[in-house]
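Architecture and fold: a report
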Amino acid sequence: MPWFKKTKTPIAQAPATAVRVPEGLWLKCPSCTQVIYNKDLETNLQVCPKCSHHFRMTAAERLRSLLDGPWDEHDAGLSSKDPLGFTDTKPYRDRLRASQAATGLLDAIIVGSGTLDGIPVVVAAMEYGFIGGSMGVVVGEKITRGIERGLASRRPVIVVSCSGGARMMEGALSLMQMAKVSAALARLDRAGIPFLSVLTDPTTGGVTASFAMLGDLNLAEPKALIGFAGPRVIEQTIRQTLPEGFQRSEFLLAHGMIDVIVDRRELKATIARALRFMHAPA
């Protein structure tokens, strides 16, 4: 006979105490798997302190990292209006509204003027979180206006590219921005005012095929993906295996496509040295 009996009423258990850890305090580096405190990552300009993996930055973080202090933002009120009434898996207007809500921007770029290590400059930084940093009419127009401001005030122009290329939802109108921005850069070049292009991960498509590769100095961050078509598209087209590291910054530097690879923590100082060499203040 068993020495215990089953009771019909289960013994009440003490309620478990929920332990909540705030989200967003820690990140795991995708390169070395190091767990990093988010505040330390911000202090280090979104670069892993162990392996120097460069995390993506927002456009606002880019401007803060390059400019000395507050900057004057230009043309912040411009926004796309879906000129083609485009719909794929969902309407383009819905994509615009979702990206605007997620980023707090009206389109995929911020253009501002300020000083970089005391040097007056115009800086445009692309926002990858807004439809992949794609270049539509507004992005092309804001960059062009930024170049024209640099031309009028004889300020060097810096564009930080982070983009999947031309925005397909705007069709040929987006492709027209390649020629428009390139023409503005030609006017800047004739005036003898420097244009520095900073290529980050990723810089692809129509952005690479136009202004991103037209800098008087083309700088890239380590291991950034830079190219026109993506590696998988190229492999499927030519039916060959691509070399190791194909389309990464280091590969492009070895083949003469860019001028220098710069760690993000040294980027501001490197640009300042280049501008002092290239440009006499007005």
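Quick notes on the rules
Residues numbered from 1 in each chain as written. Predicted model: local features only at pLDDT ≥ 70, side-chain atom pairs only at ≥ 80, totals over all residues. Heavy atoms only, no water. Helix = DSSP H or I, 4+ residues; strand = E, 2+ residues; numbered from the N terminus. Rg over C-alpha atoms; globule rule 2.2 N^0.38 Å. Buried < 20%, exposed > 50% of the residue type's maximum accessible area, 1.4 Å probe, protein only. Contact = heavy atoms within 4.5 Å. Areas by Shrake-Rupley, 256 points an atom, 1.4 Å probe, with all protein chains shown as cover. Lys, Arg positive; Asp, Glu negative; His and termini not counted. Charge placed at Lys NZ, Arg CZ, Asp CG, Glu CD. Phe/Tyr/Trp six-rings, centres within 6.5 Å; stacked < 30°, edge-to-face > 60°. Lys NZ or Arg CZ within 6 Å of the ring centre and 35° of its normal. Salt bridge = Lys/Arg side-chain N within 4 Å of Asp/Glu carboxyl O. Axes fitted to C-alpha atoms, helices over the stretch in contact; angles between N-to-C directions. Parallel < 35°, antiparallel > 145°, perpendicular 65-115°, else oblique. Nonpolar A, V, L, I, M, F, W, Y, C, P; charged D, E, K, R; others polar. 1 Å grid on protein atoms, 1.4 Å probe; cavity = no way out; pocket = protein on both sides within 12 Å on 5 of 7 lines; lining within 4 Å. Points joined across faces, edges and corners; volume = space filled by probe spheres on them.

What follows concerns the overall build of the protein. Counting secondary structure elements, the protein contains nine helices and nine strands. Against the globule reference of 19 Å for 282 residues, the protein gives a C-alpha radius of gyration of 24 Å, more extended than a compact globule. Once the C-alpha set of the protein is aligned to its principal axes, its extents read approximately 100 × 45 × 45 Å. Within the protein, buried positions represent 42% of all 282 residues. When contacts within the protein are restricted to residue pairs at least 6 apart in sequence, those whose partners lie at least 24 apart make up 67%. Carbon together with sulfur atoms contributes 57% to the accessible area of the protein, which is approximately 15400 Å² in total. For the protein, the distance from the average site of its 33 positive side-chain charges to the average site of its 27 negative ones is 8 Å.

This brings us to the packing of aromatic side chains. Two numbers describe a pair of aromatic rings. These are the distance of the centres and the angle of the planes. Overall, the coordinates contain two aromatic pairs when judged by the stated rule. Each ring, one from Trp-26 and one from Tyr-37, has its centre 5.2 Å from the other, and the planes form 50°; the classification is tilted. Here Tyr-37 lies in strand β2 (residues 35–37) and Trp-26 lies in strand β1 (residues 26–28), a separation of 11 residues in the sequence. With relative accessibility at 51%, the residue Trp-26 sits in the exposed group. Given a relative accessible area of 32%, Tyr-37 falls into the partly exposed group. Relative to Phe-251, the ring of Phe-246 lies with its centre 5.3 Å away and its plane at 65°, an arrangement referred to as edge-to-face. The ring centre of Tyr-128 lies 4.3 Å from the NZ or CZ of Arg-56, which sits over that ring.

This next bit is on the environment of Leu-199. Counting through the fold element by element, Leu-199 comes out in strand β7 (residues 195–203). Not counting chain neighbours up to four residues away, the residues in contact with Leu-199 comprise Ser-161, Ala-212, Met-213, Asn-218, Leu-219, Ala-220, Glu-221, Ala-224 and Ile-226.

Applying the stated criterion across every chain, the model contains 17 salt bridges. Here Asp-94 and Arg-97 are joined by a salt bridge, their closest N and O atoms 2.4 Å apart. Of this pair, Asp-94 and Arg-97 both sit in helix α3 (residues 92–103), three residues apart, roughly one helical turn. Because the salt bridges share partners, they merge into one network encompassing Asp-75, Glu-141, Arg-145, Arg-149 and Lys-180.

Helix packing for two helices is described by the angle between their axes and how far apart those axes are. Put simply, helix α2 (residues 59–66) and helix α9 (residues 264–278) touch, their axes get as near as 9 Å, and they point 55° apart. Considering their axes alone, α2 and α9 lie oblique with respect to each other. When α2 is examined against α9, the residues Arg-62, Ser-65 and Leu-66 are found in contact with a partner set consisting of Arg-264, Leu-267, Lys-268 and Ile-271. Here the contact of α2 with α9 is built from residues that sort into three nonpolar, one polar and three charged.

Empty space within the largest pocket amounts to approximately 240 Å³. What lines the largest pocket is a set of 14 residues, among which His-53, His-54, Pro-222, Lys-223 and Ala-224 lie closest to the centre. Residue composition of the lining of the largest pocket, by class: four nonpolar, five polar and five charged.

Function-wise, these values are silent; they only describe arrangement.
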